[in-house]
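# Structural features, examined
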Amino acid sequence: MDVVIASTNRNKVEEISQMLKGSKFKIISLLDFKDKNLPEIEEDGLTFEENARKKALIIAKLTGRLTLADDSGLMVDTLNGRPGVHSARYSGKDATPEENNRKLLEELKDVPTKKRTARFVCVIAVARPSGKVSVVEGLCEGLIAKEIRGADGFGYDPLFIVPEYDKTFAELGSAVKNKISHRAIAIQKAVEILTGLSEQEKG
């Protein structure tokens, strides 16, 4: 069963593909549709769910295939939930992860460890070409480090400490991260939906 991942972010596509490794789904990403001139979808929703739904629906209709889209980000309590849906462009439209991390560290420079609580949020929408959409969510609670820690991962991974391990995602590495992360939790729920749809097709 083909499933399109509605993303051109190679890191995200690779991570989701690793999480679905061994499943019965054949993973395709927007990187495989370069010759189709698919439009770049603006993430202008006010919530992760709005963005995930929009991406999944548009790509499902354009490709005629079952589509999985996620929108995810970091929510820091003392910043009233920022960067939130703006996580990827926190320090500007074309911001690099390094620039976003520097901005976050600067904003939290006087905040003590106990008040640096945060969570990663991942919302996944599974859309059928017919327009039907199912949505699931995954959360991972943690703390924001006071400095960059670790070399693995991407985005805010070098700053996000998982208390149970006292390590950042970037220090834990993908093998552990892909079992406990917000995206891993959401993917597990999404697989249940995909499996159900696969069974329906067989029936």
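In what follows, the structure referred to is the one given above.
The structure contained in this document is the topic of the report that follows. (Residues numbered from 1 in each chain as written. Predicted model: local features only at pLDDT ≥ 70, side-chain atom pairs only at ≥ 80, totals over all residues. Heavy atoms only, no water.)

This part covers the packing of aromatic side chains. In total, this model carries three aromatic pairs according to the counting rule given. Between Phe120 and Phe160 the ring centres are 4.6 Å apart and the planes differ by 50°, which places this aromatic pair in the tilted class. With Phe120 in strand 4 (residues 117–127) and Phe160 in strand 6 (residues 160–162), this pair connects stretches of sequence that are 40 residues apart. Per residue, the accessibility class of Phe120 equals that of Phe160, and both read buried. The interplanar angle of 40° and the centroid separation of 5.2 Å between the aromatic rings of Phe160 and Phe169 together place this pair among those described as tilted. An aromatic cluster is built from Phe120, Phe160 and Phe169, whose rings are joined through pairwise contacts. Its guanidinium or amino end placed over the ring of Tyr90, Lys103 lies 4.3 Å from that ring's centre, counting from NZ or CZ. (Phe/Tyr/Trp six-rings, centres within 6.5 Å; stacked < 30°, edge-to-face > 60°. Helix = DSSP H or I, 4+ residues; strand = E, 2+ residues; numbered from the N terminus. Buried < 20%, exposed > 50% of the residue type's maximum accessible area, 1.4 Å probe, protein only. Lys NZ or Arg CZ within 6 Å of the ring centre and 35° of its normal.)

This part covers the pattern of salt bridges. Enumeration over the complete set of coordinates arrives at 14 salt bridges. A salt bridge links Glu43 to Lys55; the shortest N-O distance between them is 2.8 Å. Note that Glu43 is positioned in the loop between strand 2 (26–29) and helix 2 (48–63) and Lys55 in helix 2, a separation of 12 residues in sequence. Among the salt bridges present, the one from Asp70 reaches Arg183, with a minimum N-O distance of 2.9 Å. On the criterion of sequence distance, the pair formed by Asp70 in strand 3 (residues 67–76) and Arg183 in helix 6 (residues 182–202) is long-range, its members being 113 residues apart. Here Asp70 falls in the buried class, since its relative accessible area comes to 4%. One continuous salt-bridge network, built from bridges that share partners, spans Lys12, Glu15, Asp70, Asp157, Lys177 and Arg183. (Salt bridge = Lys/Arg side-chain N within 4 Å of Asp/Glu carboxyl O.)

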